[in-house]
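Fold and contact review
Now for the letters of each chain:
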Amino acid sequence: IGLSDIADFIVGFGWHRFPQADLTVVDPNDQTKVLATLASNTNIVPISAGLNFYLVRSVLGIYATGDLTYNYISSSLDYKGAGIDLPISKSPTDSRMGFGVGAGLDVPLGLVLLNLEAKYNYLNLIGKDDDEGNKAYLSVGLGVYF
C-alpha cells in the first residue's frame with residue numbers, strides 16, 4: 001500500500017525450511033540393508049508487516065525495508081523415498097516475535113514488475129526462553145507483480 005512517493009506499507013508471509021539431519025534406519029540383523037531414510041527439518045512461517053523506503057524510484061526502484069514478524073516455528077520428521085518427502089511427525093511448535101531488515105530492487109517491465117530482495121531475519125527477539133540461543137537467517141526473494 002503506497003503511503004507516499006518514498007514509502008510503502010507491506011504485509012507478507014513466507015515459508016522457510018531448513019534441513020537439520022538425515023537419519024538412516026537399518027535392519028538390526030543385516031546392517032547393510034537400509035529400511036528407511038528420515039529427514040529432520042526446521043520449518044519457519046513468518047507473518048510480517050513493515051515499510052519499504054525508496055531511495056530511488058524512477059527507471060528502477062531501490063529501497064531499504066524493515067518489518068516486524070510473528071514467527072511460527074516447528075520441526076518435522078519426514079520419510080524420504082521415491083524422490084518425495086512425506087511428513088510423518090511434527091514436534092511441538094513455538095512462536096516468537098522478531099524483525100527483518102534488508103534491501104530490494106524493483107524492475108518495471110511493462111505489465112509486470114520484477115522484484116529482488118535480500119533480508120536479514122531475526123526470529124526470537126520477544127518470547128525467547130532463558131536458555132534459548134539467538135535464531136536468525138538470511139533470505140533472498142524473487143517476485144513478479146502483475
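Refer to the structure printed above.
Nothing here was measured: the structure is a model prediction, and the numbers come from that model.

A separate point is the overall build of the protein. Tallying secondary structure elements over the protein gives 0 helices and 8 strands in all. Each helix and strand of the protein, placed in order from N terminus to C terminus, yields the pattern β-β-β-β-β-β-β-β. For a compact globule of 146 residues, the expected C-alpha radius of gyration is about 15 Å, and the protein comes in at 20 Å, more than 25% above that figure. With the principal axes as the frame, the protein shows a C-alpha extent of 70 × 40 × 15 Å.

Mapped onto the elements of the fold, Asn 71 is located in strand S4 (residues 61-81). Relative accessible area serves as the criterion here: at 2%, Asn 71 is assigned to the buried category. A distance of 3.0 Å separates polar atoms of two side chains, one belonging to Asn 71 and the other to Thr 69. Discounting residues that sit within four places of it in the chain, Asn 71 has contacts with Ile 44, Val 45, Pro 46, Asp 94, Ser 95, Arg 96, Met 97, Gly 98, Tyr 122 and Leu 123.

Applying the stated criterion to the full structure yields 3 aromatic pairs. Consider the rings of Phe 99 and Tyr 122, whose centres lie 5.5 Å apart with planes at 15°: the pair is stacked. Residue Phe 99 is found in strand S6 (residues 94-109), and its partner Tyr 122 is found in strand S7 (residues 112-126); the two are separated by 23 residues along the sequence. You can call Phe 99 partly exposed: its relative accessible area is 25%. Over the aromatic face of Tyr 54 sits the side chain of Arg 57, whose NZ or CZ is 3.9 Å from the ring centroid.

Further remarks concern the pattern of salt bridges. Considering all chains together, one arrives at 6 salt bridges under this definition. Glu 132 is paired through a salt bridge with Arg 96; the nearest N and O atoms lie 2.8 Å apart. With a gap of 36 residues between them, Glu 132 in the loop between S7 and strand S8 (136-145) and Arg 96 in strand S6 connect regions that are remote in the sequence. As far as the burial class goes, Glu 132 and Arg 96 line up, both buried.

Calculation rules
- Residues numbered from 1 in each chain as written.
- Predicted model: local features only at pLDDT ≥ 70, side-chain atom pairs only at ≥ 80, totals over all residues.
- Heavy atoms only, no water.
- Helix = DSSP H or I, 4+ residues; strand = E, 2+ residues; numbered from the N terminus.
- Rg over C-alpha atoms; globule rule 2.2 N^0.38 Å.
- Buried < 20%, exposed > 50% of the residue type's maximum accessible area, 1.4 Å probe, protein only.
- Polar contact = N/O pair within 3.5 Å; in protein donor to acceptor, adjacent residues only side chain to side chain.
- Contact = heavy atoms within 4.5 Å.
- Phe/Tyr/Trp six-rings, centres within 6.5 Å; stacked < 30°, edge-to-face > 60°.
- Lys NZ or Arg CZ within 6 Å of the ring centre and 35° of its normal.
- Salt bridge = Lys/Arg side-chain N within 4 Å of Asp/Glu carboxyl O.

Purely spatial values, then, with no claim about function.
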